[in-house]
Amino acid sequence: MATLQDIALAAAINILSACIFFLAFAVLRIQPFNDRVYFPKWYLKGLRSSPTRSGAFVQRFVNLDFRSYLRFLNWMPDALKMPEPELIEHAGLDSAVYLRIYLIGLKLFVPITFLAWAILVPVNWTNASNTLAQSKATYSDIDKLSISNTPLGSERFWSHIVMAYAFTFWTCYLLQKEYEIIASMRLQFLASEKRRPDQFTVLVRNVPPDADESVSELVEHFFLVNHTDNYLTHQVVYDANKLAKLVKKKEKMQNWLDYYQIKYSRNESSRPFLKTGFLGLWGNRVDAMDFYTSEIEKLCKEISVERERVANDPKSIMPAAFVSFKTRWGAAVCAQTQQSRNPTLWLTEWAPEPRDVYWHNLAIPFVSLTVRRLIIAVAFFFLTFFYMIPIAFVQSLASIEGIEKAVPFLRPIIEKKFIKSLIQGFLPGIVLKIFLIVLPTILMLMSKFEGFISISSLERRSASRYYLFNFVNVFLGSIITGSALEQLNTFMKQSPNQIPRTIGVAIPMKATFFISYIMVDGWAGIAAEILMLKPLIIFHLKNFFLVKTEKDREEAMDPGSIGFNTGEPRIQLYFLLGLVYAVVTPVLLPFIIVFFCLAYVVFRHQIINVYNQEYESGAAFWPDVHGRIIGALIISQLLLMGLLSTKQAAQSTPFLIALPILTISFHYYCKGRFEPAFIRYPLQEAKMKDTLERAREPHLNLKGYLQTAYIHPVFKSAEDDEEEEIHGKWEHDAELVPTKRQSRRNTPLPSKFSGSSSPSLPEVVEERGQP
């Protein structure tokens with residue numbers, strides 16, 4: 001059990017680590033040769049030029065202006081200067097709303113912390129009876145500031161109940177205001193947003209097979225009939241996954257060829273050689289440049305063959321298509337309505353923006369998605385609960401007793417005061433942090449297997465699973481397994497009717513572990529984020545070994561993105577800890593406030609200068625964020641009810657029953673009032689935007705703008721003449737062909753190939769009879 005001294009030592013270590021990270025960042029960011037690492041977003045926007053191109057030779061690499069070293073903390077106020085409207089214009093609404101989550105944390109917990117420390121801490125601290133000593137449980141000085149120090153059946157529990165109501169009402173009020181503001185921001189953003197292909201396009205899936213028509217012909221026929229005035233063009237979906245793998249393999253080979261060519265240019269006296277075996281450790285010794293040149297030539301032939309196969313094989317065409325309309329209004333009507341009497345066919349949804357499409361999963365048959373998601377649901381269940389076993393085992397070793405039992409010869413060293421404080425206050429948090437490093441990758445792979453067709457939906461699903469995993473393993477697992485193991489000896493020495501009381505005391509006693517985890521993850525971890533050590537090393541390696549031109553140097557930059565699938569679940573864990581321990585152990589709250597302050601400044605800087613967001617969803621993730629905060633609030637209320645039930649507070653505890661009911665009612669109110677703005681696009685807004693666009697650009701060639709927007713990226717490459725021809729073929733395939741079905745007689749618009757209107761059968765017969 002960590003003491004105040006242990007926590008103080010852990011805080012000192014983490015504060016020192018954070019200061020070292022910030023100081024290293026402040027020095028590295030002002031060096032000219034690191035400019036593309038710490039300001040890549042401005043390079044991608046074309047608003048910044050490399051300082052290594054001009055000036056004296058030394059000044060191109062090292063900053064010799066000593067005054068800039070004195071202003072090393074200027075990046076903090078600079079990160080806060082950009083107003084929110086400008087930030088939205090610069091980085092997008094997703095980034096701005098993501099930052100608002102940190103602001104919500106500050107708005108929520110600063111008043112709660114003030115009230116808790118002004119009211120609950122004195123109430124807990126000033127008890128005359130030594131409740132913790134009487135319980136015979138393991139405890140520390142921190143627990144004297146918690147609800148555990150309040151005597152059984154005390155009237156003082158009324159203060160905790162009143163504060164629970166106050167914290168609930170404040171949380172709901174704040175969430176309602178934020179939901180209203182963000183919904184308004186979203187609608188305003190969509191209204192003022194520049195023209196994008198996804199505003200006019202829907203994704204149609206589960207197109208029924210037809211013996212007489214291809215998928216392209218069938219899609220044309222269906223939408224010419226059912227969306228007569230609005231249909232514009234479409235692009236069928238191809239299974240090009242094998243082709244994409246070949247293209248990726250070719251790019252990898254090209255990188256190696258570039259590396260050896262640069263190596264040879266620096267020392268032309270000897271040509272580089274390599275071994276063709278595993279990892280270059282054995283095999284035939286060959287000329288490296290000749291080897292990779294021949295491999296690239298082979299891959300080019302394979303790519304050409306595969307591209308032709310995809311173009312000519314009907315089996316490569318999936319029963320899905322991106323369908324574009326003449327207006328946003330027409331797209332909104334199609335995306336938000338049922339297209340067929342059979343609700344399982346002609347399924348429509350808003351198309352992701354082209355850069356958000358996860359092309360690999362478009363090749364997955366729609367009928368298999370349900371089976372895939374069932375498999376992943378079962379796999380995630382076992383992953384969540386079996387992961388708790390190694391976490392509990394590792395955490396048991398990361399304690400004084402565990403280490404002494406595993407390595408008894410280290411007992412004299414461990415029992416030293418400094419080492420003991422280090423282990424109890426710092427080690428458990430860092431061990432858990434390290435143990436969870438690979439989890440986001442596993443969860444993202446699971447989401448990809450489920451078949452989601454956009455990067456944004458992949459990240460949202462991965463984030464929801466990551467949060468659930470954290471709740472079960474990090475939160476519940478740490479409380480249940482940790483406290484049970486620590487109190488096992490006490491349970492064996494007392495009567496059965498005393499066990500519930502001991503459990504009630506043990507729940508808030510895990511606050512010391514979470515304080516340690518917050519300092520490791522939320523203080524030092526956030527400070528390490530801004531240093532960007534991994535992108536820094538990778539950029540300089542690429543710059544030295546692979547870069548030939550300025551274009552290569554730009555591609556070597558790795559600005560990254562927000563990482564919603566990992567960042568948002570971490571924020572939600574802190575919301576959960578803050579709301580649960582606000583009434584139980586208020587001493588934890590200042591540590592959470594420090595996290596939100598640091599994270600807001602750091603991520604604002606990163607969003608302004610570094611991150612290049614992969615997509616823009618218009619803050620579509622906000623309902624998930626709101627729902628998880630509400631869930632955390634309900635969990636905190638239920639846990640407080642369970643805790644007070646062990647405190648012989650039979651008169652006061654029933655008054656907490658109303659809190660979950662009120663919170664759930666509030667959630668459904670927000671869901672009905674604000675959530676539609678994040679799910680459906682109002683037809684009124686779509687019509688207004690269409691009208692304004694027609695007035696401003698009456699001669700806009702919308703078809704030319706949309707026709708190739710949703711062609712698979714591997715078909716957009718134009719590195720040689722062959723690829724140019726194929727590119728033209730895909731543009732040609734985007735055109736619509738005449739139907740061969742008799743129902744085509746009722747199609748009121750001309751086919752894009754025949755050019756005939758064919759409003760009636762005689763006209764069609766006459767046209768077909770022409771030579």
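You'll find the structure just up there.
Residues numbered from 1 in each chain as written. Predicted model: local features only at pLDDT ≥ 70, side-chain atom pairs only at ≥ 80, totals over all residues. Heavy atoms only, no water.

(A) A look at the packing of aromatic side chains. In total, this model carries 46 aromatic pairs according to the counting rule given. Between Trp350 and Tyr681 the ring centres are 6.1 Å apart and the planes differ by 70°, which places this aromatic pair in the edge-to-face class. Remark: Tyr681 occurs in the loop between helix 31 (676-679) and helix 32 (683-696) and Trp350 occurs in strand 6 (residues 347-350); sequence separation between them is 331 residues. These aromatic residues form a ring-pair network of at least three members: Tyr98, Tyr102, Phe109, Tyr574, Phe575, Phe595, Phe596 and Phe603. In this structure, Arg266 is placed above the aromatic ring of Phe544, and the distance from its NZ or CZ to the ring centre is 4.3 Å. Over the ring of Trp329 we find Lys687, and its NZ or CZ is 4.9 Å from the ring centre. (Phe/Tyr/Trp six-rings, centres within 6.5 Å; stacked < 30°, edge-to-face > 60°. Helix = DSSP H or I, 4+ residues; strand = E, 2+ residues; numbered from the N terminus. Lys NZ or Arg CZ within 6 Å of the ring centre and 35° of its normal.)

(B) Up close: the nonpolar core. Core analysis: the biggest nonpolar cluster contains 143 residues, and Phe109, Leu577, Tyr581 and Phe596 have the highest contact counts within it. Judged by nonpolar contacts, the second largest core, of 38 residues, contains Val207, Leu274, Val323 and Trp346. (Core = buried A, V, L, I, M, F, W, Y, C linked by side-chain atoms within 4.5 Å. Buried < 20%, exposed > 50% of the residue type's maximum accessible area, 1.4 Å probe, protein only.)

(C) Up close: helix 7 (residues 93-125). Helix length check: helix 7 (33 residues) gives 45 Å between terminal C-alpha atoms against 48 Å at 1.5 Å per residue, within 8%. Of all the bends in helix 7, the greatest measures close to 40° and is centred on Trp117. (Expected span 1.5 Å × (residues − 1). Bend = angle between axes of the 7 residues up to and from the residue.)

(D) Looking closely at a nonpolar patch on the surface. A cluster of nonpolar side chains, Leu374, Val378, Phe381, Phe382, Phe385, Phe386 and Ile389, forms an exposed patch at the surface whose accessible area comes to about 730 Å². Relative to the helices and strands, Phe385 resides in helix 15 (residues 369-397). (Patch = residues over 30% accessible without salt bridge, like charges linked within 9 Å, V, L, I, M, F, W, Y side chains within 5 Å. Areas by Shrake-Rupley, 256 points an atom, 1.4 Å probe, with all protein chains shown as cover. Salt bridge = Lys/Arg side-chain N within 4 Å of Asp/Glu carboxyl O.)

(E) Representation of the packing of helix 6 (residues 84-91) against helix 7. At their nearest, the axes of helix 6 and helix 7 sit 7 Å apart, and the two run at 135° to each other. It follows from the interaxial angle that helix 6 and helix 7 lie oblique. Here Glu84, Leu87, Ile88 and Ala91 of helix 6 lie close against helix 7, whose contacting residues are Leu93, Ser95, Ala96, Leu99 and Arg100. For the contact of helix 6 with helix 7, the per-class residue count stands at six nonpolar, one polar and two charged. (Axes fitted to C-alpha atoms, helices over the stretch in contact; angles between N-to-C directions. Parallel < 35°, antiparallel > 145°, perpendicular 65-115°, else oblique. Contact = heavy atoms within 4.5 Å. Nonpolar A, V, L, I, M, F, W, Y, C, P; charged D, E, K, R; others polar.)

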